[in-house]
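Single-letter residue listing:
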Amino acid sequence: METTRSANADIFNHDAEAAGYDIDVRNEADPIRTGYRDVLRWVVEQAHITPSSRVLELGSGTGNLSELITSCGELISVDISENMEAIARRKVRHLANRRFIKTDILEVFSHELGEFDVVISTYTVHHLTDQEKRALFALVFNHLVPTGAAVFGDLMLQNGSEKEEKIQQYLTKGDRATAEGIRDEFFWSLDTAIADLQRLGFKVNTKRFSDLSYGVIARKANGFKKTD
Ligand SMILES: C[S@@+](CC[C@H](N)C(=O)[O-])C[C@H]1O[C@@H](n2cnc3c(N)ncnc32)[C@H](O)[C@@H]1O
């Protein structure tokens, strides 16, 4: 499968936000951040990572998710931001077999990565367009072992009408920043994502964490089914 770089990777590169990121995410009064710690904990729990698991993390940021992994066989962390990676490196020292790849989360699949037991990602896939998300899901599917799973936590809404409703609700409350975030970033449309994941052969479960965030578990359902 052809892997092209995602269109907005440079716009959403968090180099400039890295220094303040960990303080920023602690502010769970911000609707974009509400549930952040719960989402991260849930993703790691649901990933069922064992001491032998090969794990791929997409958009590893400052390492807040990988910090919660007790042990694994190998962790490959992917992020486009050098400054975020520099902070993450300090948080994964307890994991023996770790590797960082500074690249786009679509492009990384052109590296010889092999297969993973689990792919995890929080608050990153919403930086991809819906078409790019679809391409990413197929790449993830093709790089998971037959019993593998992907676990995501991210900013999501059920569908386009809920997205419009939320934009209006936040504008009415006077919270222009959140309304603009919903409008300008590519929050997942859960209905679209579930259909895309199921079409690939994933069995999907979801959990809502806040007004704007969900978790998604995509398990390979019927054994291995390669896509083009
Ligand atoms: C909002 S932060 C989330 C970081 C971390 N996963 C967390 O939950 O705190 C998004 C991260 O994704 C990275 N990023 C955004 N678009 C990317 C892309 N297309 N490829 C690789 N990394 C990307 C940013 O540099 C940033 O570190």
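Anything mentioned here points back to the structure above.
Our subject in this report is the structure included herewith. (Residues numbered from 1 in each chain as written. Predicted model: local features only at pLDDT ≥ 70, side-chain atom pairs only at ≥ 80, totals over all residues. Heavy atoms only, no water.)

**Let's talk about the side chain of Ser210**
Heads up, the condition is: Helix and strand assignments follow DSSP, with helices taken as H or I runs no shorter than four residues and strands as E runs no shorter than two, numbered in order from the N terminus. Any pair of residues with heavy atoms lying within 4.5 Å of one another is described as a contacting pair.
Tracing the backbone shows Ser210 in the loop between strand E7 (202-208) and strand E8 (213-220). Filtering out sequence-adjacent residues up to four positions away, Ser210 remains in contact with Pro31 and Thr34.

**Observations regarding the site of the ligand**
What counts is decided by this rule: Any residue with a non-hydrogen atom lying within 4 Å of a molecule or strand is treated as near it. N or O atoms within 3.5 Å of each other form a polar contact, as long as, within protein, one can give a hydrogen and the other can take it, and as long as residues adjacent in sequence are counted only when both atoms are side-chain atoms. Polar here means any residue outside two lists: the nonpolar Ala, Val, Leu, Ile, Met, Phe, Trp, Tyr, Cys and Pro, and the charged Asp, Glu, Lys and Arg; Gly therefore counts as polar.
In the region of the ligand, 20 residues are neighbours, and Tyr21, Tyr36, Gly59, Asp79 and Thr122 sit closest. Backbone polar atom of His14 to an oxygen atom of the ligand: 3.0 Å apart, as the coordinates give it. At 2.7 Å from an oxygen atom of the ligand is found a side-chain nitrogen or oxygen belonging to Tyr21. For the shell around the ligand, the per-class residue count stands at 8 nonpolar, 10 polar and 2 charged.

**Some words on the environment of Arg33**
Inspection of the secondary structure puts Arg33 in the loop between helix H2 (18-25) and helix H3 (36-47). Setting aside anything within four residues of it in sequence, one finds Arg33 in contact with Tyr21, Asp24, Val25, Asn27 and Glu28.

**With respect to the environment of Glu107**
Tracing the backbone through its elements, the reader meets Glu107 in the loop between strand E3 (98-102) and strand E4 (116-122). Along the chain, Glu107 and Thr4 lie 103 residues apart, while their C-alpha atoms are 5.8 Å from each other. Within the local environment of Glu107, its side chain forms a polar contact with the side chain of Thr103, the two groups lying 3.5 Å apart.

**Considering helix H4 (residues 82-91)**
Spelled out, the test is: Only protein chains enter the accessibility calculation, which uses a 1.4 Å probe; a residue whose area is less than 20% of its type maximum is buried, one above 50% is exposed, and one in between is partly exposed. Read the arc as the range of directions from the helix axis to the C-beta atoms.
Among the residues of H4, Met84, Glu85, Ile87, Ala88 and Lys91 are the ones counted as buried. Mapping the buried residues of H4 onto a view down its axis gives an arc of 165°, with all of them on the same face. Where H4 is buried, its residues meet H2, strand E2 (74-79) and E3. Its side-chain oxygen 3.4 Å from the backbone nitrogen of Asn83, Ser81 forms the N-cap of H4.

**Overview of the packing of H2 against H4**
To be explicit about the condition: To get an axis, fit a line to the C-alpha atoms, keeping to the stretch in contact for a helix; angles then go from 0 to 180 degrees between the N-to-C directions. Oblique is the label for every angle not falling under 35 degrees (roughly parallel), over 145 degrees (roughly antiparallel), or within 65 to 115 degrees (roughly perpendicular).
Contact pair H2 / H4: the axes reach a minimum separation of 8 Å and the direction vectors enclose 60°. For the element pair H2 / H4, the angle class is oblique. Here Ala18, Tyr21 and Asp22 of H2 lie close against H4, whose contacting residues are Asn83, Met84, Ile87 and Lys91. For the contact of H2 with H4, the residue count by class is 4 nonpolar, 1 polar and 2 charged.

**Concerning the nonpolar core**
Quick note on the threshold: Nine residue types can take part in a nonpolar core, namely buried Ala, Val, Leu, Ile, Met, Phe, Trp, Tyr and Cys, and a core is a set of them joined through side-chain atoms within 4.5 Å.
Among the nonpolar cores identified, the biggest contains 36 residues, and Ile69, Ile120 and Leu212 are the most heavily contacted of them. Going through the elements one at a time, H2, H3, H4, E4, strand E5 (144-157), helix H6 (160-172) and helix H7 (176-184) are the ones with two or more residues in this core. For this core, the element with the highest residue contribution is H3, accounting for 7 residues. Beyond its immediate chain neighbours, meaning those up to four positions away, Leu212 contacts Pro31, Ile32, Asp154, Leu155, Met156, Leu157, Lys166, Tyr170, Thr178, Ile182 and Phe187. In this structure, Leu58, Val119, Leu136 and Val140 belong to the second largest nonpolar core, which totals 35 residues.

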